[in-house]
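Topology and contacts: notes
Below are the chains, spelled out letter by letter.
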Amino acid sequence: MSQLVDRRLSGKNRSAVNRQRFLRRFKQQIRKAVTEAVSSRDVSDLNRGEKISIPAKDLTEPIFHHGSGGRRNIVHPGNREFVKGDQADRPDSGSGSGGGGSASEDAEGEDDFVFELSREEFMQYFFQDLALPDMVKKQLAAVPEVTRTRAGFVSQGNPSNLHVVRSMKQAIGRRMAMSSSPREALREAEAALAELETQGLAASEDAEALREEIARLKARIAAVPFIDTWDLRYANRIDQPTPSSQAAMFCLMDVSGSMDENRKNIAKRFFMLLYLFLTKSYERIELVFIRHHTVAKEVEEQDFFASRESGGTVVSSALVLMRDIIRERYPTANWNIYAAQASDGDNWENDSPRCRELLMQDILPLTQYFAYVEIEAEQPQSLWREYTQVKAASRRFAMQRLLTLEDIYPVFRQLFQKKVA
Amino acid sequence: MESSTPQLASRQPLSEGSEWTFELLDRYDHEIGLAAAHFGLDTYPRQIEVITSEQMIDAYASVGMPVGYHHWSYGKGFLSTQKSYQRGQMGLAYEIVINSSPCIAYLMEENTMTMQALVIAHAAYGHNSFFKGNYLFRTWTDAEGILDYLVFARNFIAECEQRHGEEAVEAMLDSCHALMNYGVDRYKRPAKLSMAKEQLRRIEREDYLQSQVNDLWRTLPTRQAGGQDRQTSRFPAEPQENLLYFIEKNAPRLEPWQREVVRITRKIAQYFYPQRQTQVMNEGWATFWHYTLLNHLYDAGKLTDGFMIEFLQSHTNVVFQPPFYSRGYSGINPYALGFSMFQDLRRICEQPTDEDRRWFPELAHSDWRASLDFAMRNFKDESFIAQYLSPKLIRDLKLFAVVDDDTQEKLEISAIHDDAGYQAVRQRLAEQYNLGNREPNIQVYNVDVYGDRTLTLRHYMHERRPLGDSTDEMLRHIARLWGYSVQIESVDQDGVARTVGRCEV
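Residues numbered from 1 in each chain as written. Chains lettered and ligands numbered in written order. Predicted model: local features only at pLDDT ≥ 70, side-chain atom pairs only at ≥ 80, totals over all residues. Heavy atoms only, no water.

Before going further, it helps to examine the pattern of salt bridges. Think of it this way: side chains of opposite charge can pair up when their charged atoms draw near. Evaluation of the coordinates by the stated rule reveals 46 salt bridges over all chains. Of the charged contacts, one joins D42(B) and K132(B) as a salt bridge, the two residues approaching to 3.3 Å between their closest N and O atoms. Residue D42(B) is found in the loop between α1 (22–38) and β1 (46–51), and its partner K132(B) is found in helix α4 (residues 113–133); the two are separated by 90 residues along the sequence. For the salt bridge of R357(B) with D354(B), the shortest nitrogen-to-oxygen distance reads 3.0 Å. Separated by three residues within a single helix, R357(B) and D354(B) lie in helix α15 (residues 354–359), roughly one turn from each other. Accessibility expressed as a relative area gives 36% for R357(B), which makes it partly exposed. Overall, D354(B) belongs to the exposed group, its relative accessible area being 57%. Several salt bridges converge on common partners, so that one network encompasses R21(A), R24(A), R25(A), E161(B), E166(B), E167(B), E170(B) and D174(B). (Salt bridge = Lys/Arg side-chain N within 4 Å of Asp/Glu carboxyl O. Helix = DSSP H or I, 4+ residues; strand = E, 2+ residues; numbered from the N terminus. Buried < 20%, exposed > 50% of the residue type's maximum accessible area, 1.4 Å probe, protein only.)

Here it is in structure tokens:
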């Protein structure tokens, strides 16, 4: 008779450590794959894992093996027409190698090694370049926040949730219920005793029996415990998603000729990060993409990152369009407005003061936060100077020059601190 | 599910329907055990463990070691096995069985009752009896001690990671894994493994080895006597085939813990060495027995027709041998070859033809159980094929041999399944399973003791076959272990050595 063992519940996730080792060893390749994945994802599409593929040749564990050449004599099954001495052409794939099941070793090399990164792992790699403080990473990667709210009372819980008043009420009820029948019997016995006494039979055997009975009943009533574990009630708390409202996020980007792929990729990270911040606070977020060169246009996300146009740059066109869209579709009574603007700093000289005015007078009063980044700009130009004034005047405005991905986070520092507080 | 009363058990099926329960597993195991006893199978005690598919994938990834140390390659194995499992590409999950005492076989909870019974018969009785009976396993592995040893290895490696950092240990393991196939003694009998002894001896050995190694590199005093001898004599005096052993004992710059890591991978390689030499036999034996045992139960009326259909379908998939011209062809299927050979062996014993009498006079009309048992115990793939591959099976499988010579323009068919070719085909096929031919023959040839300590390896070429493109990477691994430069020479049939790779340190 064999020993039967049920191991299903033990040793779950035993290979987790090995998986971590694997990820660590190939972090270069995985980072590269994640970077590529980010550029092909939507701004709002950050809540899932990713299929990562690594060239299989990077992963092979070498062993000594024979190369092609020399002389081999190999047995194959399934002969159809050959007789001894026949000559045959070499098949294309390799040299007809195939001793005992090891044939696939050489041919396997082509495929990529594909596996899934979980959402958490994906976020880790996404954050890696951004130099986020650890606490921020944790908060962003966490599942949507919940608050603990009261939800009645339960009979089981931990001592810190003990609800005294409820428990005492319960105890009173139980004491009443448990002592009701002896009390009644006691009342009857006392009445009967009083009757006997009035009849002058206080010393009779019956009266003595009644007294004993009364004493017994009193003892029984006294024995009902004042409080019992059964009485205990605990305050119940359940998780409830934080009440949240809706937000509109505006992405503004310069698409003039000087914004190349690399700059757009940085801009995209910037938009994604703002989006992530917002998902922590708002349940519903609408994205509005506005691109501009000399004229501004609202576009779909695909066109937003894909298009590239030549010509000059008039930033105010985008701000005007944003203002109009807010007035038309996002009344500030119902919507929290956030905006992120990315540009390489070029603007038509005379347009910059107008941008400042638009921001100060029309836009900032409507928005919660407006973040501006200048990506790989060579020299601060007129727009930067004007915006510096805006920044001095408004706490809702943040700006930053980006040279690397690590510069993105400081833009949000203020925004984030507000959320923490 | 309907269950039969004990009195009628001999004429009623054990169960109908495909659900399994622990009670049913017990009863099937009991019946299969009776059948195995009826055929005289001798096994280790059995431990059958029910696990989830995730655990099964994990077992696959760690090459069947129930307790493994941590290494990235196992994570990689897990991911790729998981992928093929999720795509439904993975065949039958009944390979995993641990050569230990008690012999551990795994059942996956998702499987049907039929599959569980198949796995019990295949692994817990088939493989198990092979592990216990075959001479290679008896000689080379210690079923009692292996689990303890793996626990020791895992703890030791974890301890090293704490002390020396994960990266350093990983680098060591990478290099050792690369050389695992060259970490076995092919002829010498190893000492038994056991955790307690290992623990006790480890520290002792570390100190001793370190002093030995230092001694090897000791400079002047004893030098006068040698004279010119020193220039011509080599170290080691005879070429050594066990590279990891040589490194463990002689590499000058390894620290004691690194030597122990080399030793651990060497021991594990040695433990798996018999499995690599008996693939065809082992799988063939287990497949033959699950087929025979379950058919025996069916004949006794204990299995339903539905059970048999499901069983035969998966059995047929396992023993299918695609012909060389089909797309799915990737060499000879060891299950198919092994199963056919054992079946054929039984046929030769029971119903020999004139041809069989000529080829296997001693087998014809012998007791098939005794003959199979003898074959299982005393052969490995290479000798098993050389001894028992019959002309009939060569015809059935339509085996033919092809010579691929890079000096010839075309392939040449050297032998086919006809009277003139049987011997040659059998010979060729047996050689094909000789590990010595499949892997390049590489040996430690010399160490430049009085010079820069360069280690010279020699590759003795077989049929002019050169080394593959991984050689440079392999030399880097060896150099990491050796600590000094390493070079490799290929020696052709005429004994002329030519340097084919060098890694400077």
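Bringing the environment of L9(A) into the picture now. With respect to the secondary-structure elements, L9(A) resides in the loop between β1 (3–6) and α1 (16–25). Sequence-wise, L9(A) and V43(A) are 34 residues apart; in three dimensions their C-alpha atoms are separated by 40 Å.

Our next topic: the domain arrangement of chain A. Structurally, chain A comprises domain 1 (16–60 + 112–126), domain 2 (159–237) and domain 3 (247–415). The gap between the C-alpha centroids of domain 2 of chain A and domain 3 of chain A is 77 Å. (Domains from an automatic or database assignment.)

Below, the discussion takes up the packing of aromatic side chains. Two numbers describe a pair of aromatic rings. These are the distance of the centres and the angle of the planes. Using the criterion set out here, one finds 43 aromatic pairs over all chains in the structure. Ring geometry for F250(A) and Y330(A): centres 6.0 Å apart, planes at 85 degrees, overall edge-to-face. With F250(A) in strand β8 (residues 245–254) and Y330(A) in the loop between α11 (315–329) and β11 (335–343), the pair connects residues that are 80 residues apart, well separated along the chain. Take F250(A) and Y330(A): they sit in the same class, and that class is buried. When the ring of F288(B) is compared with that of F342(B), the centres are 6.2 Å apart and the planes differ by 45 degrees; the resulting orientation is tilted. Highlighted residues: F288(B) in helix α12 (residues 279–299) and F342(B) in helix α14 (residues 334–350), separated in sequence by 54 residues. The exposure classification of F288(B) matches that of F342(B), with both residues buried. Three or more aromatic residues joined by ring pairs form one cluster here, namely F39(B), W285(B), F288(B), W289(B), F342(B), W368(B), F374(B), F379(B), F384(B) and Y388(B). (Phe/Tyr/Trp six-rings, centres within 6.5 Å; stacked < 30°, edge-to-face > 60°.)

What follows concerns α14(B). If you check α14(B), its first and last C-alpha atoms are 24 Å apart, about what 17 residues at 1.5 Å a residue would give, namely 24 Å. Counted residue by residue, α14(B) has 14 buried out of 17 residues, so it is predominantly covered. (Expected span 1.5 Å × (residues − 1).)

This part takes up the sheet that holds strand β4 (residues 87–88) of chain A. Across the sheet, which stays open at both edges, the four strands sit in the order β3(A)-β4(B)-β5(B)-β4(A) with antiparallel pairing between neighbours. In the strand order of this sheet, the two ends are held by β3 (71–76) and β4 of chain A, each with one partner. In this sheet, strand β4 (residues 400–405) of chain B lies alongside β3(A) in antiparallel orientation, the contact comprising six bridges. Looking at β4(B), one finds that H76(A) is bridged to F400(B). Strands in contact with helix α19 (residues 422–432) of chain B are β3 of chain A together with β4 and β5 (411–415) of chain B; relative to β3(A), the strand with the most contacts, it is inclined by about 110 degrees. (Pairing = 2+ DSSP bridges. Contact = heavy atoms within 4.5 Å. Axes fitted to C-alpha atoms, helices over the stretch in contact; angles between N-to-C directions.)

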